[in-house]
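So you can see what is in the structure, the chains are spelled out below.
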Amino acid sequence: MAVIIQQMADIDLPGILTLNNNHQKETSFLEKQDLRWLVDNAYYARGVAPAKAFLIGFDQDGDYKSPNFLWFKARYARFAYIDRIITAAEARGQGLARALYEDLFTTAKADGYSVVGCEVNQDPPNPGSDAFHAKLGFESVGTATLANGKTVQYLTKTL
């Protein structure tokens, strides 16, 4: 089955908001206007309808205040950054996250980027995400403990 990736503006944003907030432990809670801002200002905001999976990312020019994004901005002159990716529980195992990542890699490479960065929670641990990113070729480039007590590992993939 082919995965059809669409621009976020063409997907059910209330459904995406619900999906995000059902996974706020892994990402963060968003209000409607926060999601709209992310989608409107992102370098990459695409998903699989109807609200099955989505990926939002920024590049170095993003006016984004996330401490994780700012960590990359302080260290890389040019990069694409994955802010959040979520797949609905009932849609897991269908390759949606992999398809979104591959689409981002293709888009970023075509736009002249050579590095894609992201973070994975270490505390609380997320072993599934660790394994997924390792399979895609991401490597650890640093760690941080955030103000909310989460410890994250920063990862990059060279395109």
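Quick note: structure is the one above.
A brief report on the enclosed structure follows. Model, not experiment: these values are computed from the prediction.

About the thresholds
- Residues numbered from 1 in each chain as written.
- Predicted model: local features only at pLDDT ≥ 70, side-chain atom pairs only at ≥ 80, totals over all residues.
- Heavy atoms only, no water.
- Core = buried A, V, L, I, M, F, W, Y, C linked by side-chain atoms within 4.5 Å.
- Buried < 20%, exposed > 50% of the residue type's maximum accessible area, 1.4 Å probe, protein only.
- Contact = heavy atoms within 4.5 Å.
- Helix = DSSP H or I, 4+ residues; strand = E, 2+ residues; numbered from the N terminus.
- Pairing = 2+ DSSP bridges.
- Axes fitted to C-alpha atoms, helices over the stretch in contact; angles between N-to-C directions.
- Salt bridge = Lys/Arg side-chain N within 4 Å of Asp/Glu carboxyl O.
- Expected span 1.5 Å × (residues − 1).

Turning to the nonpolar core, a few remarks are in order. Note that soluble globular proteins tend to have their nonpolar side chains buried in a common cluster. One finds M8, I16, L35, I56, I82, V116 and F138 to be the most contacted residues of the largest nonpolar core, which totals 49 residues. Those residues in contact with M8, other than ones at most four positions away along the chain, are L13, I16, L35, V39, A45, R46, G47, F54 and I56.

Within the element layout of this structure, L35 appears in helix α2 (residues 32-41). Sequence separation between L35 and P14 is 21 residues, and the spatial gap between their C-alpha atoms is 9.3 Å. The residues touching L35, leaving out its near neighbours within four places in the chain, are M8, L13, I16, L17, L30 and I56.

For the rest of this paragraph, the subject is the sheet that holds strand β2 (residues 44-48). Reading across from one edge, β1-β2-β3-β4-β5-β7-β6 is the order of the seven strands in this open sheet, with mixed pairing throughout. Each edge of the sheet is formed by a strand with only one pairing partner; in this case those strands are β1 (6-7) and β6 (139-145). Bridge analysis of β1 against β2 gives two bridges, and the strand direction is antiparallel. The partner of Q6 across the bridge, within β2, is G47. Across the face of the sheet, α2 comes into contact with β2, β3 (53-59) and β4 (80-87) while running at roughly 60° to β3.

Before going further, it helps to spend a moment on the pattern of salt bridges. Within the structure shown, the criterion is met by five salt bridges. When the shortest N-O distance is used, the salt bridge between R98 and E102 registers 3.9 Å. Placement of the pair is R98 and E102 together in helix α4 (residues 96-110), with a separation of four residues, close to one helical turn. Classification of R98 as partly exposed rests on a relative accessible area of 37%. What makes E102 partly exposed here is its relative accessible area of 36%.

Let's shift gears to the pairing of β3. On any regular strand, side chains alternate: one points to one face of the sheet, the next to the other face. β3 sits mainly inside the fold: seven of its seven residues count as buried. The alternating pattern of β3 places A53, L55, G57 and D59 and F54, I56 and F58 on opposite faces, both of which are buried. As judged from the five bridges shared by β2 and β3, these two strands associate in the antiparallel manner. In the sheet register, G47 faces β3, and the bridge partner there is F54. Joining the antiparallel neighbours β2 and β3 is a turn of four residues, in which A51 adopts a positive phi near 50°. Pairing analysis gives seven bridges linking β3 to β4, with the strands arranged antiparallel. Bridging from a neighbouring strand, F58 pairs with Y81 of β4.

Attention now moves to α4. The terminal C-alpha atoms of α4, which comprises 15 residues, lie 21 Å apart, in line with the 21 Å expected from a rise of 1.5 Å per residue. Regarding α4, the residues found buried are L96, A97, A99, L100, Y101, L104, F105, T107 and A108. Looking at the packing, one finds that the buried side of α4 touches β2, β3, β4, β5 (115-123), α5 (127-135) and β7 (151-158). Once α4 ends, the next one or two residues include G112, with phi positive near 90°.

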